[in-house]
Amino acid sequence: MSLPQLHYTSVTSGDGEPAGRFTSVDPAIPGPVRAEAAPVLSYEAPEGTPQQLGDARLRALPVAFGFALLSDGSHLLSRTVAAGAGGFHAHAVHLPPGTPIPGRVLPVAAWGAAGWLSTTPDRMRPDPLTSMSAQGPSRGLTRESLGDFAVSRGPWLAAVLSDLRRVSEDPSAPPVVLVERHSADVARWVALATAVLPREHAERLTFTTYTRHPGRTAYQVVGVLPEDAPDARDPRFRVHAASGPRPSGVVDDAWAATAARIWRSRVPELFREAAALPGEPFSAGPLAVTALGAGIALGSDERAAAAGWAAERPYALDEKGIRQLADALTAPADDRTAAECAAALRLLTALDGRSPASVTAPLAALLVTQAVRGGDVTLEPPARSAFEEPAGERALAALVEELGDELLAELTAGVPRGVARTVQLLRIVRLLGVDCAELLPDVVVRLARALLDDPEAGACRALLDLMDEQFDVRTALLDELDRLAPDHPEGTERLLIRVALPFTGTQALPHLRMCAEAPGAKARGADRVGVLHMVLRAAGMSPFAEPLVLRTAVGLVWGEDTPTADEARSLLGETTSDAHRTAGTWKTLVDAALAAPYGDEDAPELAHDLLRGFPQEIGTRVRACLTLLEFARDMRSGTPEPGWADRVRELRARAEPAESLVLEHAYGALAEGLLAPDRPEAELYAFVHSGDEALITAYGRAARRAAVVALLRADPEYAADCFTVWNAHPHAGGDWTRTRTALLEEVLRPAVRGLSAEELAAVERAVERDGSSRTLEAFRTWNRQPRAIGRLGRRIVGRVRRG
């Protein structure tokens, strides 16, 4: 039974332009198919082609051989050639939906079939597809010719196959444009591709070997002449021009790269072998395994694909196939990647216990060597069981001979690549049985410090595997981390947040337990002293028995912050000074006192306790600072020794450079004492005549506080006293003169002006009682003066405005 055929030929219309018409159509082909087929079968000769050509030149023009998908799901396989007088003739076979090509041959195989006609026959002959089996292979698409073509197009082959894969998987992908001078070469490209593509994709691949306008077609593969090639940068196409320069770079497609190597090796029968293996369509694994088994050299990505596929399906290959794959993977190569090694390790794990040591030991030896010399710190060593049996023991002995000294030398010198490399080397040393007992203490110290410096580096499975595998390393490392924790509590806490270290055994490890408890304690929302108590309880030890837990706890709770004076007093009161002295946390308590803001009443009390508790530890400068705070305490308690101003100035000189907050405490307490109604006059006189700008400025600042202003308004005696003081000592110096004048004008005058007549009279009586009649007259003159000045100022302002 012959498939429906049609012939479509150009004719010249009345205006001289060629048009097409059907000259022979099988009645089984419906009208809509004929209408859709007409533009598909049209042909436009290359630009510049003469109207009249001889037979030889006509045959040299491109052939548009195509396989098109129509809108109803049917296909059209056609061959269009140039005819005389600028015309063309198309011969096509229609494949209704679901109808395969006879013999399930691929469409491109009909390229050279003898049944294609260049003229319309007088009767309908058998179609070219049905008659192909009796006519032998198509011309130009033999195994040998395709192998030659693949070698000649080697630089472009992988990229073209990769794009053909993409367009086969994704119908919306840009079409592949093949730029060739001969349409037969485009057919060869399609033949190369369909031999590689999974069968269901190969049978559906649409193509044409020639067109003048690639943007007007709906084919997946389009052949064009160089003069009609689109710009390679046009995103609508994937353009490959074998007539242009060789492509640069590497194709990142293991499937395409492997298929290209197989074609260049002229063994296309491997595609059928690979198709028989399990795997997803376009999986590189079956192709790569088949190629390696045939002795074809592949790149690292392709070898990784082979190893990964076999690791998932170790049952898919027989013993011979497994051995061939192992031999290929262990052959010398200078391009191994981390991905290949990781895949080889998965394969070795799958084969362990399934294959003999003659297969697993070489793979294991390769992985150990790559781990030591390859630079991939994430590559895990193989299991010890890979080296069982005599063959494995021999391989292990050879590794010790080759790598033992190298391993010890790197461990001795220190590992520049940090945690991962140290862990890797320790595991390899144990695997090979190399003795490193003498090096272990130093290695563990460096490893512990590296973990604290970079906690993220410890968040790897290899570290926990090391600690599971090597009890001595685990014990030593946990002890070292516990020893370092008091000096690095925050780093240890960050490490334990990221790495669940196994310290639940018999080791005490109080500091590690505290660091593990800290995040939860903080999250429960208690105040910081409460968090400290929870963290200390996790240690399982009292600060009196092990004072260093106090250092760890303080570091975990406050970190870079400074406790408040109240918190520091609690810390000192709950734990003896001896514990803080041993733990070194007394410095934190001192910092808390020195950083307390003015007005914090706990700071002077804390300073007093610190001076008593740590007399030998506190240095001269800090002692003077704390004594300034203690002076503030004495001033407020009413028990200061005489010579207040001189005392502050002397301590300030010894405390240089004194903290500004400490000076605020001392200056404020001194000023408050001098502003008190019952202050000793000798202290006030000494202060006024000290000429100390900082002290006098602090006095002026204290006199402006709300409490002083309120007392001026409420107590006539206090107001009178302040007038007397601020009106006295006119020759005590410029600082005092400026300060007292400002206080009279800016503090006392507003307070007095706000008094009632009765209150003002009470102030005047107090002034006279504390001073004399002359003092009273001075007060009244001072109290009237602003009004007179005000009237004078208003007259001056009025004159300026009138002017």
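Analysis parameters
Residues numbered from 1 in each chain as written. Predicted model: local features only at pLDDT ≥ 70, side-chain atom pairs only at ≥ 80, totals over all residues. Heavy atoms only, no water. Helix = DSSP H or I, 4+ residues; strand = E, 2+ residues; numbered from the N terminus. Rg over C-alpha atoms; globule rule 2.2 N^0.38 Å. Buried < 20%, exposed > 50% of the residue type's maximum accessible area, 1.4 Å probe, protein only. Contact = heavy atoms within 4.5 Å. Polar contact = N/O pair within 3.5 Å; in protein donor to acceptor, adjacent residues only side chain to side chain. Expected span 1.5 Å × (residues − 1).

S.K.: Which residues make up the overall build of the protein chain, and what values do they have?
M.R.: Scanning the protein chain from terminus to terminus reveals 37 helices and nine strands. For 803 residues, the compact-globule formula gives about 28 Å, and the C-alpha radius of gyration of the protein chain, at 49 Å, lies well above that figure. Seen along its three principal axes, the alpha-carbon backbone of the protein chain occupies a region of about 150 × 95 × 40 Å. Residues counted as buried form 50% of the 803 residues belonging to the protein chain. For the protein chain, long-range pairs separated by at least 24 residues make up 68% of all intrachain contacts whose partners lie at least 6 apart in sequence.

S.K.: Can you lay out the side chain of glutamate 567 for me, pointing to particular residues and giving the numbers?
M.R.: With respect to the helices and strands, the residue glutamate 567 is situated in helix H24 (residues 565-574). Here the side chain of glutamate 567 touches threonine 564 through a polar contact of 2.9 Å, landing on its backbone nitrogen. Excluding anything up to four places from it in sequence, glutamate 567 contacts Arg528, Val529 and Trp558.

S.K.: Hey, could you go over helix H15 (residues 389-413) for me, with residue numbers and the actual values?
M.R.: The first and last C-alpha atoms of H15 sit 35 Å apart over 25 residues, in line with the 36 Å expected at 1.5 Å per residue. Among the residues making up H15, those that are buried are Gly392, Ala395, Leu396, Leu399, Leu403, Gly404, Leu407, Glu410 and Leu411. Next to the buried residues of H15 lie helix H14 (357-373), helix H16 (418-432) and helix H17 (440-453). Just downstream of H15, glycine 414 is the residue with a positive phi angle, here 100°.

S.K.: Tell me about the environment of valine 105, and name the residues and values.
M.R.: Positionally, valine 105 belongs in the loop between strand S5 (88-95) and helix H3 (128-135). Classification of valine 105 as partly exposed rests on a relative accessible area of 31%. Once the C-alpha coordinates of valine 105 and alanine 344 are considered, the two residues, 239 residues apart in sequence, prove to be 38 Å apart.

S.K.: Can you lay out the environment of aspartate 453 for me, pointing to particular residues and giving the numbers?
M.R.: Mapped onto the fold, aspartate 453 is located in helix H17. For aspartate 453, a relative accessible area of 67% corresponds to the exposed category. A sequence separation of 442 residues divides aspartate 453 from valine 11, and the C-alpha atoms of the two residues are 85 Å apart.

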